[in-house]
Every structure is written in structure tokens, then in C-alpha cells.
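Residue strings, one per chain:
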Amino acid sequence: MGKITGFLEFDRKIEDYAPVEERIKNYKEFTLPLKEDELKNQGARCMDCGVPFCHSGCPLGNLIPDFNDAVYKGKWEKAATILHSTNNFPEFTGRLCPAPCEEACVLGINEDPVSIENIEKNIVETAFSKGWITAQPPKTRTGKKVAVVGSGPAGLATAQQLNRAGHLVTVFERDAKIGGLLRYGIPDFKMEKNVIDRRLEVLKEEGIVFKTNTHIGVDIDANTLKADFDAVVLSGGATVRRNLPIKGADLKGVVQALDFLKQNNKRVDGITDLGEEIKATGKDVIVIGGGDTGSDCIGTSIRHGATSVSNFEIMSKSTPERPEDQPWPFWPMRLRTSSSHKEGAERFFSISTKEFVGDKDGNLKALITSEVEWIKTPGQRPSLKEVPGTEKEWKCDLVLLAMGFTGSEMTVAQQLGLEADSRTNIKATAKNYMTNVPGVFVAGDQRRGQSLIVWAISEGRQAAHHVDIYLTGSSTLPLKGEGDLPRL
Ligand SMILES: Cc1cc2nc3c(=O)[nH]c(=O)nc-3n(C[C@H](O)[C@H](O)[C@H](O)COP(=O)(O)OP(=O)(O)OC[C@H]3O[C@@H](n4cnc5c(N)ncnc54)[C@H](O)[C@@H]3O)c2cc1C
Ligand code: SF4
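Along each chain, the written sequence defines residue order, and numbers are assigned to residues from 1. To read the labels, note that chains go from A and ligands from 1, taken in the order they are written. It should be noted that, the model being predicted, local features are given only for residues of pLDDT at least 70 and side-chain atom pairs only at 80 or more, the latter also being counted only at that level, while totals for whole chains, interfaces and linings use all residues. To obtain the side-chain values, all non-hydrogen atoms of the structure were used and water was disregarded.

**Structural notes on the side chain of K121**
Then step 1. Relative to the helices and strands, K121 is located in helix α9 (residues 116-130).
Then step 2. Exposed residues in this analysis have more than 50% of their type's maximum accessible area, buried residues have under 20%, and partly exposed residues fall in between, with area computed by a 1.4 Å probe over protein chains only. Its relative accessible area of 8% is what places K121 among the buried residues.
Then step 3. We call two residues in contact when some of their heavy atoms are within 4.5 Å. Every residue in contact with K121, bar those within four places of it in the chain, is listed here: E15, T31, G94 and R95. A helix here means a DSSP run of H or I that spans at least four residues, while a strand means a run of E at least two residues long, and both kinds are numbered starting from the N terminus.

Okay, here's the thing in C-alpha cells:
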């Protein structure tokens with residue numbers, strides 16, 4: 001695997017970014033690709049460590065040392081085959097995954113880990129540019145019909161797997177275009193939408209039917225859908241946004257992050273009928289929430305031309321290094337600085353918003369915060385305490401609430417009589433992904449709560465295997481880490 005001495009010869013290298021002043025002028029991706037020789041050297045750093053912990057770090061069980069070795073040897077088509085054997089959409093994860101595999105890389109114990117995510121992206125981009133990714137329709141059809149509700153990464157992975165097993169798959173999506181949060185949450189500067197469209201063409205050619213502008217539970221009763229199909233897979237995401245129910249929350253200028261991001265993605269897509277415009281141009285913007293969504297709001301606000309952008313995080317500031325109590329190979333809670341953070345936002349930690357202040361016309365003009373302390377008591381969850389005398393007023397015209405999602409919407413669940421947990425995640429174990437109603441399955445954020453793209457794809461693949469067993473009694477669709485090598 002790799003080059004025996006590669007990790008001694010070559011330093012880690014990842015894609016650089018275009019300069020801030022250039023990239024904030026538009027919504028295009030701004031990474032600067034590594035050259036082929038540089039990528040081979042990065043593949044060569046993989047050190048054949050015997051027990052590749054990166055496999056278990058990756059929720060898909062990607063066969064990382066194998067594709068690293070193929071890249072080192074310049075065998076790109078082989079690398080693409082290996083990669084697609086466990087991951088339907090490496091072009092999404094290669095751009096957007098937080099790469100838990102790299103935190104689990106054995107080389108990462110005392111050196112910088114292998115640049116796995118960059119290698120993954122370059123393998124799939126090479127495969128698309130060489131025309132190696134083509135439709136793989138099934139040779140025979142089973143005659144069974146499956147409905148997939150929701151077209152995010154979980155729904156798309158489920159659909160591709162089940163279609164390849166020969167079932168007739170229809171994906172229902174209430175939005176106008178396919179992709180879920182890939183399309184309407186994640187900004188184009190992180191992933192341009194032609195990346196989704198390119199893959200969608202392959203899925204359509206394979207025989208998957210897509211029905212957009214169709215809201216299951218509203219346009220079609222979920223029980224009608226269940227009666228019309230042999231199995232139903234719910235992959236509707238965790239779409240219920242967390243609110244901040246404090247004084248002034250209804251002021252004009254207090255906006256949910258996803259409303260802001262979705263409108264902007266549509267604007268970038270050329271859509272002009274957007275309803276009431278939400279723009280950060282010329283405004284003092286405060287983004288509440290320090291995760292991916294908050295970071296995307298920062299990059300978007302800066303591209304709108306905001307006067308200032310501040311980011312509040314209620315958690316205390318971690319260090320960029322791995323904390324001692326979160327040892328390798330686990331995912332550490334370290335300070336992460338995204339490309340958007342580097343575009344000009346100021347970040348504040350251990351800060352809680354107590355009140356929004358408006359003018360006489362109901363427009364937001366400021367907010368009031370307090371500093372907070374996290375009290376750690378052994379054996380208990382840390383608790384939050386306000387620091388007395390730290391109240392502060394901040395001038396702002398736009399507040400973007402990016403505090404995550406509390407669970408999934410319940411209309412379909414109620415129509416079908418599905419059980420959910422206290423956070424409204426639909427109940428189904430990872431044993432077979434089936435809900436309490438036979439023939440109804442659930443995958444992705446709608447089952448596990450707000451999560452990641454890589455987990456959504458993984459859940460979609462796992463669920464498809466179990467749907468296939470439900471429909472036919474057995475399945476050759478691979479489970480996590482079981483590559484199905486011949487297919488791209
Ligand atoms: C702003 C933002 C940025 C993010 N950035 C990253 C990132 O960089 N990396 C990462 O790994 N993860 C990121 N995430 C998380 C990631 O996007 C999600 O975990 C992932 O998309 C979940 O996939 P899913 O298929 O389960 O659901 P979703 O992507 O949410 O898709 C669900 C789809 O189902 C549709 N739907 C719901 N109910 C119905 C119904 N009744 N009828 C028809 N259609 C329905 C919805 O319209 C939606 O299109 C981000 C999330 C957000 C909000
Ligand atoms: S999908 Fe994510 S975790 Fe898996 S190999 Fe790619 S970057 Fe790593």
C-alpha cells in the first residue's frame with residue numbers, strides 16, 4: 001500500500017484556496033486543485049499500517065488504503081472503482097465531509113494524517129472527466145416498486161442501490177429541484193450545483209423516476225403512497241429548525257439561517273420570484289450558532305457585501321489541537337476554522353443572546369448578550385451559568401439563527417402511525433431500518449437526527465440492503481465496508 005517510505009519523504013498537502021478578495025466576488029467553488037504528481041505523493045504517504053483505523057473512522061467504510069495505493073501507482077480508474085464500491089457520491093463527500101477518517105488515520109498519531117478527502121475528490125473528478133462514470137441500469141427488473149420520500153443524499157443513495165437491485169424506484173421531492181440540503185442548504189461556493197445535476201443525469205439514465213413539487217402527506221396521502229408501492233423509504237431529513245424564543249424574536253431582521261441560505265441558493269440558480277428579499281448587503285450581521293450552517297451564513301453574508309459579520313457560539317472556545325480527553329482515533333471537539341471564517345468574520349465564544357431590541361417600526365436594531373460559563377461536575381453533563389455583570393448591547397440589522405435542527409416533521413409519521421422518539425426522529429434500528437409499520441423504512445437525518453452527508457449516504461445504502469431483503473428474501477447489495485467492486 002502506498003510507498004513504504006512515502007510518509008517519511010512527503011509532507012501532507014491539501015488543496016489551497018483562491019485569495020479571499022477574489023473568491024468573495026462570486027459564488028463559485030474556490031479550491032485550487034493539487035497537481036497529479038502531488039496527489040500521487042499524497043497517496044504514497046499511506047503507510048500500510050496493518051489495521052487501517054480510517055476504515056472505521058469513515059461511516060461508509062471506504063476502502064481508503066486501497067484507493068490511496070491505486071492513486072500512488074497512477075491507476076485512477078481502479079481507484080474510482082474501489083471508491084464507488086462503498087460510496088455512491090464521492091463528489092459530495094470529497095468536497096463537504098469533515099473527514100472523520102483523517103482524525104482516525106494512524107499516521108495522524110504523530111504526523112499530519114493522509115489527505116484522504118482531497119484524494120477522494122480528485123479520484124471522482126478524474127473519473128467524471130475521463131467519462132468512466134456511466135449509467136449502470138440493472139440487467140433485469142424484479143417488478144417490485146419502491147417509493148423514496150425526500151431527495152437528499154440519503155434518498156439518492158437508497159434509490160441508486162435499490163434501482164441497481166432491479167426494483168422500480170420513484171423519488172418524491174416537495175422542492176422544485178432534487179438534492180435536499182445539498183441543493184438548498186449548502187452554498188454554491190462550497191459545492192456548485194452542477195455537481196448534483198451531473199450525477200442526477202446518471203441516476204435518471206439508470207431508470208430512477210424523480211417527481212418534484214410533490215409533498216407527500218400534503219399532495220399525496222402517505223397511506224395512498226404505501227398502498228401504491230411495495231415498500232416506502234422515508235428520507236425527509238431533520239427539517240425542524242431550533243428557535244430562540246426570547247424577547248424580540250419576532251422583529252423584522254431576525255431570520256432563520258435556512259430561509260436565508262435557501263433563498264440565496266435559488267438566487268444563484270437564476271430564480272427571480274423569491275418572495276420577500278433577505279439580504280445582508282450593507283448590514284451589521286450577527287450569526288448565532290458556530291456550526292456548518294453558521295459558517296455558510298458567514299460566507300454568504302460576506303458575498304452579499306455585509307458591513308460587518310460577527311459569529312456567536314454558546315460553547316467555550318476549544319483549542320485547535322486534539323484535547324487530551326478525546327484521544328486518537330476518536331473524533332475530537334477541536335476549534336475548527338472554515339474557509340468562511342477566514343473571509344472576515346469575528347468569532348465570539350461562551351456568549352448567550354438574551355434579547356433582541358427593535359426600533360419603533362419593529363425593525364431589529366441591536367441585541368443583548370451575556371457571557372456564560374460551563375460548569376463541569378464529574379459524572380454529570382456540563383451546565384451553563386451566566387457571568388454576572390457581562391451584559392453587552394451589539395448593534396445589528398440582521399440576525400441569522402443557525403442553531404441547528406430539533407428533529408423531523410411529523411405529518412407523514414402521523415398519517416402512517418409511525419413511532420418517533422422524544423426528538424421526533426422516526427424510530428427504526430440500524431439492524432434493519434424498518435419502522436414499526438412493516439414495509440416502511442427510514443434513513444438519514446430523519447432517523448438519526450441532524451447529522452452529516454457521509455452518514456446520510458451510509459444510511460441510504462444500509463437501508464436499501466434491508467428493503468431488498470424485505471422485498472425478495474435476500475440481498476447482494478453491499479453493507480458498510482463490503483465493496484461491490486465491479487461497479488462505478
Ligand atoms: C446549511 C447546512 C450546511 C451543511 N453543511 C454540511 C457539510 O458541509 N458537510 C456535511 O457532511 N453535512 C453538512 N450539513 C448536513 C447535511 O446537509 C445533512 O446531514 C444531509 O443533507 C442529510 O441528508 P438527508 O438525505 O437525510 O436529508 P436532507 O438533505 O435534509 O433531504 C431531505 C429532503 O426531503 C424532502 N422532504 C421532506 N419531507 C418531504 C415530504 N413529506 N415529501 C417530499 N419531500 C420531502 C426535503 O424537501 C429535502 O429535499 C449541512 C446542513 C446544513 C443545514
Ligand atoms: S467519506 Fe468522509 S470519512 Fe469517508 S473517506 Fe471520504 S472524507 Fe473520509
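We are not done yet, so read on.
**Things to note about the sheet that holds strand β9 (residues 284-288)**
Then step 1. Two strands are said to pair when DSSP picks up at least two bridges between them. The parallel open sheet is built from 5 strands, whose spatial order is β8-β16-β9-β10-β11. The open sheet has two edge strands with one neighbour each: β8 (254-256) and β11 (346-348). When strand polarity is set aside, the average angle formed by the axes of neighbouring strands in this sheet is 25°.
Then step 2. As paired strands, strand β10 (residues 308-312) and β11 are joined by 3 bridges and run parallel to one another. Of the residues in β11, the one forming a bridge with N311 is R347.
Then step 3. Under this scheme, a helix contributes an axis fitted over its contacting stretch, all axes are lines through C-alpha atoms, and angles between N-to-C directions fall in the 0 to 180 degree range. Contacts from helix α14 (residues 257-268) reach β8 and β16 (398-401) within the one sheet, and its direction differs from that of β8 by about 70°.

**Comments concerning the site of ligand 1**
Then step 1. Whether a residue is near a molecule or strand depends on its heavy atoms: it is near if one of them lies within 4 Å of it. Taken together, 35 residues are adjacent to ligand 1, and L96, A154, E173, I216 and D445 come closest.
Then step 2. For this analysis, a polar contact is any N or O atom pair within 3.5 Å, provided that within protein one partner can donate a hydrogen and the other can accept it, and provided that sequence-adjacent residues contribute only side-chain to side-chain pairs. P153 places a polar main-chain atom, nitrogen or oxygen, 3.3 Å from an oxygen atom of ligand 1.
Then step 3. Contacts to ligand 1 include R174, whose backbone N or O atom sits 3.2 Å from a nitrogen atom.
Then step 4. In this description, accessible areas are obtained by the Shrake-Rupley approach with a 1.4 Å probe, and a residue is regarded as covered only by the protein chains that are shown. Here ligand 1 loses 95% of its free accessible area of 1,000 Å² to cover by the protein chains.
Then step 5. The biggest single contributor to the shell around ligand 1 is helix α15 (residues 292-304), with 3 residues.
Then step 6. Under this grouping Gly is polar, as are all residues other than the nonpolar Ala, Val, Leu, Ile, Met, Phe, Trp, Tyr, Cys and Pro and the charged Asp, Glu, Lys and Arg. Split into classes, the residues belonging to the shell around ligand 1 amount to 15 nonpolar, 13 polar and 7 charged.
Then step 7. Domains are outlined according to an automatic or database domain assignment. Formed jointly, the shell around ligand 1 draws a minimum of three residues from each of two domains, domain 2 (145-239 + 405-472) and domain 3 (243-401).

**A short note on the packing of helix α5 (residues 64-72) against α9**
For any two helices packed against each other, one specifies the inter-axial angle together with the distance between the axes.
Then step 1. The contact between α5 and α9 brings their axes to 11 Å, and the two run at 65°. Handedness of the α5/α9 crossing: left-handed. Contacts between α5 and α9 pair I64, F67, N68 and V71 from the former with I116, I119 and I123 from the latter.
Then step 2. Across the contact of α5 with α9, the residue classes tally to 6 nonpolar, 1 polar and no charged. Each crossing gets its hand from how the near helix is turned against the far one by less than a right angle, where anticlockwise is left-handed and clockwise is right-handed.

**Quick look at the site of ligand 2**
Then step 1. Every residue close to ligand 2 is listed here: C58, N62, I64, T93, C97, A99, P100, C101, I116, E117, E120 and V454.
Then step 2. Elements that contribute at least two residues to the shell around ligand 2 include exactly α8 (100-104) and α9.
Then step 3. A per-element tally of the shell around ligand 2 places α9 first, with 3 residues.

**A word on the pairing of strand β12 (residues 351-358)**
Then step 1. In this sheet, strand β13 (residues 364-375) lies alongside β12 in antiparallel orientation, the contact comprising 7 bridges. Paired with T353 across the two strands is T369, which belongs to β13.

**Some points on the nonpolar core**
Then step 1. Residues belong to one nonpolar core when they are buried, are Ala, Val, Leu, Ile, Met, Phe, Trp, Tyr or Cys, and are joined through side-chain atoms within 4.5 Å. Formed by 65 residues in total, the largest nonpolar core has its most connected members in F67 and I123.
Then step 2. The greatest single-element share of this core, amounting to 7 residues, is contributed by helix α18 (residues 453-472).
Then step 3. Residues from two domains meet in this core; each of domain 1 (5-130) and domain 2 (145-239 + 405-472) gives at least three.
Then step 4. Setting aside chain neighbours within four positions, we find F67 in contact with N62, A79, I82, L83, I116, I119 and I123.

**Remarks on the layout of surface pockets**
Then step 1. Here the term cavity refers to a set of points on a 1 Å grid, laid over the protein atoms alone, in which a 1.4 Å probe fits but cannot get out; the term pocket refers to an open set having protein on both sides within 12 Å along at least five of seven lines, with lining residues being those that place an atom within 4 Å of a point. Grid points are joined across faces, edges and corners, and a volume is the space filled by probe spheres set on the points. By volume, the second largest pocket is sized at about 230 Å³.
Then step 2. As for the second largest pocket, its lining consists of K252, G253, V255, E276, E277, I278, K279, K283, N363, L364, D397 and L398.

**Some details on the sheet that holds strand β3 (residues 145-149)**
Then step 1. Reading across the sheet, the 5 strands line up as β5-β4-β3-β6-β18 and stay open at both edges, with parallel pairing between neighbours. In this open sheet, the two edge strands, each paired with only one partner strand, are β5 (209-211) and β18 (440-442). In this sheet, adjacent strand axes meet at a mean angle of 20° when their direction is disregarded.

**Quick word on the packing of aromatic side chains**
Then step 1. Pairing of aromatic rings covers Phe, Tyr and Trp, the last through its six-membered ring, and needs centres within 6.5 Å; plane angles under 30 degrees mean stacked, over 60 mean edge-to-face, and all others mean tilted. Counted according to the given criterion, the structure contains 8 aromatic pairs.
Then step 2. With a centroid separation of 5.2 Å and an interplanar angle of 35°, the aromatic rings of F89 and F92 are classed as tilted.
Then step 3. Since its relative accessible area comes to 0%, F89 is described here as buried.
Then step 4. Judged by its relative accessible area of 1%, F92 falls in the buried class.
Then step 5. Ring centres of F441 and Y470 lie 5.6 Å apart, and the angle between their planes is 70°; this geometry places the pair in the edge-to-face category.

**Remarks on the domain arrangement of the protein chain**
Then step 1. For the protein chain, the assigned domains are domain 1 (5-130), domain 2 (145-239 + 405-472) and domain 3 (243-401).
Then step 2. Listed as interface residues are 23 residues of domain 1 and, on the opposing side, 24 residues of domain 2.
Then step 3. Note on definitions: buried area is the accessible-area loss of two parts on being combined, 1.4 Å probe, summed for both. For the pair domain 1 and domain 2, the summed buried surface comes to about 2,200 Å²; carbon and sulfur atoms form 67% of the total.
Then step 4. When a carboxyl oxygen of Asp or Glu is within 4 Å of a side-chain nitrogen of Lys or Arg, the pair counts as a salt bridge. Our count for the domain 1 to domain 2 interface comes out at 2 salt bridges.
Then step 5. With a closest N to O distance of 2.8 Å, E125 and R198 form a salt bridge.
Then step 6. At the boundary of domain 1 with domain 2, the tally comes to 12 residue pairs in polar contact (both at pLDDT 80 or more).
Then step 7. Mapped by element, the contributors of at least two residues to the side of domain 1 that touches domain 2 are α7 (90-96) and α9.
Then step 8. Broken down by element, the residue count for the side of domain 1 that touches domain 2 peaks at 6 residues, all from α7.
Then step 9. Here the side of domain 1 that touches domain 2 is composed, by residue class, of 12 nonpolar, 6 polar and 5 charged.

**Re a nonpolar patch on the surface**
Then step 1. Patches here: salt-bridge-free residues with over 30% relative accessible area, like charges joined within 9 Å, nonpolar side chains (Val, Leu, Ile, Met, Phe, Trp, Tyr) joined within 5 Å. Taken together, the side chains of I314, M315 and L384 present a nonpolar region at the surface, about 240 Å² in accessible area.
Then step 2. Mapped onto the fold, L384 is located in strand β14 (residues 383-386).
Then step 3. Classification of L384 as partly exposed rests on a relative accessible area of 41%.

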